[in-house]
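Reading the structure
Listed here are the chains, written in short residue letters.
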Amino acid sequence: SCGNNQRQIVLAMVVYSNDNDQSWPVCPAVAGNTALANPNNVVPDDTAYTTMTTFEFLASVTGGDLAPKTFACPSSPTVKPGAAAGSLSYTSGTPAWAPTYTATTLGAACAYAYDWSVPANANSIRVVIADRPKNSADGTNHKTVAMAGFADGHVGNVNATKTGATGATCADQSGPSVGYTAWQFYNRDAKGSVDDNIFDNNSDGTMTGMGTGSTTRAFVR
């Protein structure tokens with residue numbers, strides 16, 4: 001079910017990119033959303049908020065082709081865009097999305113994580129979205145396996161391990177104020193000198209904002 005959901009989401013993102021100068025979707029500027037203003041130093045609340053408002057935005061701009069339930073894992077069926085999505089307005093030509101979601105209502109139940117730094121020329125092994133941990137006690141909603149959606153639209157399993165991880169913990173994926181250190185999930189097809197953790201909250205090389213990440217590094221927020 002999650003694999004089918006993620007496949008539909010990523011394919012919709014690819015279509016969006018093709019229609020918008022090769023830019024992957026991300027919610028337009030929202031007051032108080034510091035994740036977009038400071039992409040290399042963000043807290044879990046900000047990343048979850050950006051992800052979920054982007055999903056809501058995507059559900060709206062696709063004209064209903066993506067049903068709200070597409071963004072929900074069966075283990076967290078109520079966390080999804082509402083039937084009445086937010087609204088898009090423009091001030092001096094700058095878009096602003098008024099979301100239904102708020103950071104305080106997301107909790108740690110958000111089903112999927114999204115990397116808005118994905119560049120237009122991303123490799124097929126580049127992870128775009130993936131299952132998101134519910135809390136520090138769980139690996140993901142599927143325990144020791146993370147379902148991931150890749151830049152070319154295919155989906156696949158990424159297995160977990162409790163050993164071999166180094167560097168920063170994965171706090172960005174665990175919801176507001178919840179540390180996440182219990183599991184590490186590696187996309188071994190995209191590894192460099194060390195195994196590449198898809199929930200690593202280190203910055204993505206020279207990433208400075210949306211659309212500027214690595215073409216291969218598996219890094220989701």
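All of the points below concern the structure found in this document.

What counts, and at which threshold
Residues numbered from 1 in each chain as written. Predicted model: local features only at pLDDT ≥ 70, side-chain atom pairs only at ≥ 80, totals over all residues. Heavy atoms only, no water. Pairing = 2+ DSSP bridges. Helix = DSSP H or I, 4+ residues; strand = E, 2+ residues; numbered from the N terminus. Contact = heavy atoms within 4.5 Å. Axes fitted to C-alpha atoms, helices over the stretch in contact; angles between N-to-C directions. Phe/Tyr/Trp six-rings, centres within 6.5 Å; stacked < 30°, edge-to-face > 60°. Buried < 20%, exposed > 50% of the residue type's maximum accessible area, 1.4 Å probe, protein only.

1. Structural notes on the sheet that holds strand β3 (residues 112–114)
Strand order across the open sheet formed by five strands is β3-β4-β5-β6-β7, with antiparallel pairing between neighbours. Each edge of the open sheet is held by one strand with a lone partner, namely β3 and β7 (184–185). Bridge count between strand β4 (residues 127–131) and strand β5 (residues 145–150): three bridges; the pairing is antiparallel. Looking at the pairing, A130 lines up with A148 of β5. Against the sheet, helix α1 (residues 2–19) makes contact with β3, β4, β5 and β6 (155–161), and its axis sits at roughly 150° relative to β4, the strand it touches most.

2. Observations regarding the packing of aromatic side chains
Each aromatic ring pair is specified by the distance between its two centres and by the angle formed by the two planes. Inspection of every chain in the model, using the stated rule, returns three aromatic pairs. Considering the side-chain rings of F55 and F71, the 5.2 Å spacing of their centres and the 40° angle between planes classify their relative orientation as tilted. Taken as a pair, F55 in helix α3 (residues 44–61) and F71 in the loop between α3 and β1 (87–91) lie far apart in primary sequence, 16 residues in all. Taking the relative accessible area as the measure of exposure, F55 reaches 0% and is therefore buried. Considering the side-chain rings of F55 and Y114, the 6.2 Å spacing of their centres and the 40° angle between planes classify their relative orientation as tilted. With a gap of 59 residues between them, F55 in helix α3 and Y114 in strand β3 connect regions that are remote in the sequence. Taken together, the ring pairs in this structure connect F55, F71 and Y114 into an aromatic cluster.

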